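Residue strings, one per chain:
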Amino acid sequence: MTGFRPGPAGTATTMAGPAEPALVDRAHLLADIRATLDATGGVLLHGPAGIGKTALLDALAQQADAAGESVLRSSPTAAEADLPHLALIDLLGETLPALAEELPGHLRQALECALLHRAPQPGAATDPLAVRVAVLETLRRLAGRRPVLVLLDDTQWLDEASRQVIAFAARRLADRRVRFAVTERTEHADAAPTMGALCPPTARDLPVGPLGERGTGALLRERLGLRLSGLTLGRVHAVSGGNPYYALELGRSLAAGGSDAALATDPARPLDVPHRLRALVSARLTELPANARAALTVLAAARTGTGLPATVTEPLAAALRHGILRQTPTGTPQFSHPLIAEVVLADANPAALRDAHRLLAALTADAVEQVRHQALAAEHPEPHLASRLTRAADTALTRGAPGTAAELLRHAAHHTPDPDTAGRRLLAAARNAAAAGLPDLARACAEALLGAPAADLRVHARLLLTRLLGPDHPGAEALLTAAADDTRGHPALTAAVHQERAVRALHRGDRAEGLAELEIAEKHADQADHPDLLVELLALRAPITLLTDPAHGLALLERGCRLAASRPPTAAAVRCREGLAVAALRSGDTTRALAEVETLRTETEAAGRTEDLATVLHIAASVLERAGRCTEAYAAGRAAHDLRERIEPTPGPARVLGGAAELNGGTADRAARLLDSAIRAAEDDQDHEWLAYAHGLRGRASLLLGHLPSAVQHLTRCQLLLRRMQFTDPSLFLVDADLAEALALSGRPADAAATLADARDRATRLGREVVLLGLHRAEAHLTALTDPRRAADTLRALLPAAHPYPLELARAQLALGTLERRARRRAAARTALQDAHARYAAAGCLPWLRYVETALASLDALEADPTPTQQQILALIRTGATNREIAATLHLSVKAVEANLTRLFRQYGVRGRAELAKFQE
């Protein structure tokens, strides 16, 4: 895929038990829990309230129930902690009647009394040992019927009588037929749990940590339909500390009050913390003396690592005693949870907050941080601050921090009295925010410019808003029309509007309209003598030209790079350099492609240009994959996925990149799931290019999973979409060979031959010899339908010693092994498969490595020759007989015919009756 495109709690009030959210972004942790249960029979999950422990138990219960296991569960509360044997009633109350007759009488009587199924004998105390043994025997009898999963939630509130009985049983149940999953609320995920005795002695404890920012965003989308990005998502994640319950409460508050937009406009604005979360900390805060509350305000407003004077740190001792703060290993005070800091900021009166920033400005020696605090300390606009803030923004840009520059420029605009100058600073803030991957801040700054007095500010603001909406948003056309009306014939502005129209046309797959718009834009840009705009236009035209005239496309890219060389870095300059890497890669010069993309990645990361970095990582992953460095390609692809998921208005591109990464270093199953989701998202967005890539990658996943009809369907769809967009270069996306192979293996030789002929013609016209090995491999599969030996011999003769795309050589060796196997030359098949295995191992390409390992294992399991019965079945299949007809002719059951066919499929390395029918002995 190498298309390139644009402490103690004190007396605080606590809630009995927040309703924990559904399971999101916990697949790896859930897999660890299941593996631990299988290995040790017990797991103790611990972490703070709301972190998702109950949701994990819910998921375990669903899986166990689906597997036919008995699930016993208790979820005590603080109000019930003094009620004896209540947890036992939860666990066994409904089960006991069905098992009572199996227990000895004295044990049954003791357990029935403990569970309140029977009144005790007057004056007779229930024997504690009898209750313990009765519970142990009940669990053993249940486990004799089917496996048992015991789920104990919030065990910090477990009644003491139940705790002793369950601990007694857990120590004596070690056969894995009864497993225990226990949760305990701890102050922090790294705090030591105390309820390990409720699990078998071999059990492990696992901390339940916070969600990452990506998981927090997914949770808000799935539970609330709230799509946050950029600064707003970062703030919600930081304030919630990744706690799902806190994140949902904050998200509900944002959605209800519409304050997400206000937060984007003013990133320093505290979040509106809802009452249910405030109740967790407010009581502790109100008990502090005034000087401690003032010191907390300073600490909350300070950047991490800021050195604070004794006048601030000494009053914080009271906050440490109340559990509001804790000391880090270095001895510095830190809020025990980020939520507390947000409440402190939200509750601080404006004067106190300004005083805190004024103090922090005096404490820091860093010019950028100092002027930021001074801006936040200002009560009224101060014009003398504006120029200092602008210079600080320039400094932030040289440090590779466009997000910081955007914040400083927004402050500068506020302190600038001249409306025109203020507007230009606000536009610069918007552009830097967009480059930093902060679309909410960029959108807020641009929207503030829609009423600017200068026409060019209004035009550029609308164009930026159009890009932020995405290529298919219905509201974009109105913005473009208004921008065009506002250009007033100015050549540079007119060129910019036509450029945006070209981008949208090309995205729709309308190349003719896109090129026409580009031609108009270039004429106006030449008239305006605007080098930066020319670079942007070249960055758009070059990828299209590369598809039909690679030499001319390369020349356009080189011209764009020359124009951009002496100017400040822009997104267009980055795209031109990406294009050089892609052009080299498509021609087979992987060495140059790697050099170009690695240099560009380093520079883009250093510049902090998040939006550009997302695309650079996408290109890097593609280059690394074709260069046979799949471990690195996986890492780059995952990073690109994470970045795009955070900054893209739609989820399709991120999921395509995630699926591509899985095909390098993950699993075909995970790739298929991601790509199915990507296909749905791209279809909803009518994003044809990403939809084409999603189908193509999904087709590869289907090949790995052995689903030929699915592979043909997805690969055909990919090729059709690419042709509609006139993406005819066979090296753009390597779909042709895979499609021809899938068609041949599906028994569609005519379609496979037509696909190969068309691909060879395009490869010859464009000089793409680098794709020929893949076409040779597919041709061999086609030939093997009638003559496997000739197919293997021909492919072996065409194999080069080396290839610019190492994975293509590995695929060819895999194909050779498959053909040799079908030709019944097992030694040759083993040699080829072992060669493919070595190449995939060297590349770190895990899904294909597993595929080859399965092929080698299957080769080892082959029978020497078909039995006489199997030979008769083969002969009847060639006549077109059905399984039922074969069974009747040979006096076999249909199941016996099916079993023999399965063995024949393995023996000859084929995937269905169509291939088997054409196999020649």
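Treat the numbers as computed from the prediction; the structure is a model and nothing was measured.

(A) Structural detail: the overall build of the chain. Counting its secondary structure elements, the chain contains 48 helices and 7 strands. Seen through its C-alpha atoms, the chain measures out along the principal axes to roughly 90 × 90 × 45 Å. Burial analysis of the chain (921 residues in total) assigns 56% to the buried set. When the accessible surface of the chain is totalled, it reaches about 37400 Å², and 53% of it is carbon and sulfur.

(B) How the structure looks around the environment of Glu-578. Within the secondary structure layout, Glu-578 lies in helix α30 (residues 571-586). It is 7.1 Å that separates the C-alpha atoms of Glu-578 and Ile-619, two residues lying 41 residues apart in sequence.

(C) How the structure looks around the packing of α30 against helix α32 (residues 610-626). Where α30 contacts α32, the axes come no closer than 11 Å and their chain directions differ by 5°. As far as their axial angle goes, α32 and α30 are roughly parallel. Side by side, α30 and α32 meet where Ala-571, Val-574, Glu-578, Val-582 and Leu-585 of the first sit next to Asp-612, Thr-615, Val-616, Ile-619, Ser-622, Val-623 and Arg-626 of the second. Each residue belonging to the contact of α30 with α32 can be placed in one class, and the counts come to 7 nonpolar, 2 polar and 3 charged.

(D) Looking closely at the nonpolar core. Counting 89 residues, the largest nonpolar core has Tyr-693, Leu-722, Phe-733 and Tyr-840 as its most contacted members. Here this core gets 9 residues from one element, more than from any other, and that element is helix α36 (residues 688-705). Ranked by size, the runner-up nonpolar core spans 45 residues in total, among them Ala-247, Leu-254, Val-312 and Ile-340.

(E) Representation of the packing of aromatic side chains within the structure. Counting across every chain of the model gives 5 aromatic pairs. Their ring planes at 55° and their centres at 6.0 Å tell us that Tyr-245 and Tyr-246 sit as a pair that is tilted. Assigned by exposure class, Tyr-245 and Tyr-246 land together as buried. Members of the aromatic cluster, joined through ring pairs, are Trp-690, Tyr-693 and Phe-733. Between Arg-700 and the ring centre of Phe-733, over which it is positioned, the NZ or CZ distance is 4.6 Å.

(F) View of the side chain of Ser-710. Looking at the element boundaries, Ser-710 is found in helix α37 (residues 708-724). Among the residues examined, Ser-710 registers a relative accessible area of 18% and is labelled buried.

(G) Quick peek at the pattern of salt bridges. The full count for this structure, using the stated rule, is 49 salt bridges. Ionic pairing is found between Asp-420 and Arg-424, a salt bridge with its closest N-O pair at 3.0 Å. One end of the pair is Asp-420 and the other is Arg-424, both in helix α22 (residues 419-435) and 4 residues apart, which spans about a single turn. Residue class for Asp-420 comes out partly exposed when judged on its relative accessible area of 29%. A salt bridge links Asp-751 to Arg-748; the shortest N-O distance between them is 2.9 Å. One continuous salt-bridge network, built from bridges that share partners, spans Glu-625, Arg-700, Asp-738, Glu-741, Arg-777, Glu-808 and Arg-811.

(H) Structural detail: the sheet that holds strand β5 (residues 204-207). Strand order in the open sheet made by the 5 strands is β2-β3-β4-β1-β5, with parallel pairing throughout. A strand with exactly one partner marks an edge of an open sheet, and here the two such strands are β2 (70-74) and β5. Going across the sheet, the axis of each strand differs from the next one's by a mean of 15°, ignoring polarity. With 6 bridges connecting them, strand β1 (residues 42-47) and strand β4 (residues 178-185) associate as parallel partners. From the neighbouring strand, Val-43 faces β4, where its bridge partner is Ala-181. Together, β1, β3 (148-152), β4 and β5 form the strand contacts of helix α1 (residues 27-40), whose direction differs from that of β1 by roughly 145°. Along the sheet, helix α2 (residues 53-66) makes contact with β1, β2, β3 and β4, crossing β2 at roughly 155°.

(I) Structural view of the pairing of β2. Going residue by residue along β2, you find Ser-70, Leu-72 and Ser-74 tucked away on one face and Val-71 and Arg-73 left uncovered on the opposite face. Direction of pairing for β2 relative to β3: parallel, over a ladder of 5 bridges. Bridge assignment links Arg-73 to a residue of β3, and that residue is Leu-151.

(J) Summary view of the confidence of the model for the chain. Counting all residues, the mean pLDDT for the chain is 85, and 93% of those residues have values of 70 or more. Long-range and interchain partners of residues 3-21, a stretch whose pLDDT sits below 50, account for 68 contacts in this model, where long-range means more than four residues apart.

(K) Main features of helix α26 (residues 491-508). Taking 1.5 Å per residue as the helical rise, α26 with its 18 residues ought to reach 26 Å, and the 26 Å between its terminal C-alpha atoms agrees with that figure. With 15 of its 18 residues buried, α26 lies for the most part within the structure. Immediately beyond the C-terminal end of α26, within one or two residues, lies Gly-509, with a positive phi of roughly 90°.

(L) The arrangement of empty space enclosed by the protein in detail. Empty space within the largest cavity amounts to approximately 420 Å³. Along the wall of the largest cavity there are 27 residues; nearest its centre are Glu-625, Arg-700, Leu-734, Glu-808 and Arg-811. Every element with two or more residues in the lining of the largest cavity is listed here: α32, α34 (652-665), α36, α38 (736-745), α40 (772-783) and α42 (806-822).

(M) Quick peek at the environment of Arg-252. Turning to its location among the elements, Arg-252 is positioned in helix α10 (residues 244-257). In contact with Arg-252, not counting residues within four places along its chain, are Arg-223 and Leu-224.

(N) Quick look at helix α24 (residues 455-469). Spanning 15 residues, α24 covers 21 Å between terminal C-alpha atoms, matching the ideal 21 Å at 1.5 Å per step. In terms of residue burial, α24 counts as a mostly covered element, since 11 of its 15 residues are buried. Every buried residue of α24 is accounted for by Ala-455, Leu-457, Arg-458, Val-459, Ala-461, Arg-462, Leu-463, Leu-464, Leu-465, Thr-466 and Leu-468. Phi turns positive one or two residues past the end of α24, at Gly-470, with a value near 100°.

(O) Inspection of the side chain of His-695 at higher detail. Tracing the sequence through the fold places His-695 in helix α36. For His-695, a relative accessible area of 6% translates into the label buried. At 3.0 Å, the side chain of His-695 and the side chain of His-714 are in polar contact. Not counting residues within four places of it along the chain, the set of residues in contact with His-695 comprises Ile-679, Glu-683, His-714, Leu-715, Arg-717, Cys-718 and Leu-721.

What counts as what
- Residues numbered from 1 in each chain as written.
- Predicted model: local features only at pLDDT ≥ 70, side-chain atom pairs only at ≥ 80, totals over all residues.
- Heavy atoms only, no water.
- Helix = DSSP H or I, 4+ residues; strand = E, 2+ residues; numbered from the N terminus.
- Buried < 20%, exposed > 50% of the residue type's maximum accessible area, 1.4 Å probe, protein only.
- Areas by Shrake-Rupley, 256 points an atom, 1.4 Å probe, with all protein chains shown as cover.
- Axes fitted to C-alpha atoms, helices over the stretch in contact; angles between N-to-C directions.
- Parallel < 35°, antiparallel > 145°, perpendicular 65-115°, else oblique.
- Contact = heavy atoms within 4.5 Å.
- Nonpolar A, V, L, I, M, F, W, Y, C, P; charged D, E, K, R; others polar.
- Core = buried A, V, L, I, M, F, W, Y, C linked by side-chain atoms within 4.5 Å.
- Phe/Tyr/Trp six-rings, centres within 6.5 Å; stacked < 30°, edge-to-face > 60°.
- Lys NZ or Arg CZ within 6 Å of the ring centre and 35° of its normal.
- Salt bridge = Lys/Arg side-chain N within 4 Å of Asp/Glu carboxyl O.
- Pairing = 2+ DSSP bridges.
- pLDDT = per-residue confidence, 0-100.
- Expected span 1.5 Å × (residues − 1).
- 1 Å grid on protein atoms, 1.4 Å probe; cavity = no way out; pocket = protein on both sides within 12 Å on 5 of 7 lines; lining within 4 Å.
- Points joined across faces, edges and corners; volume = space filled by probe spheres on them.
- Polar contact = N/O pair within 3.5 Å; in protein donor to acceptor, adjacent residues only side chain to side chain.

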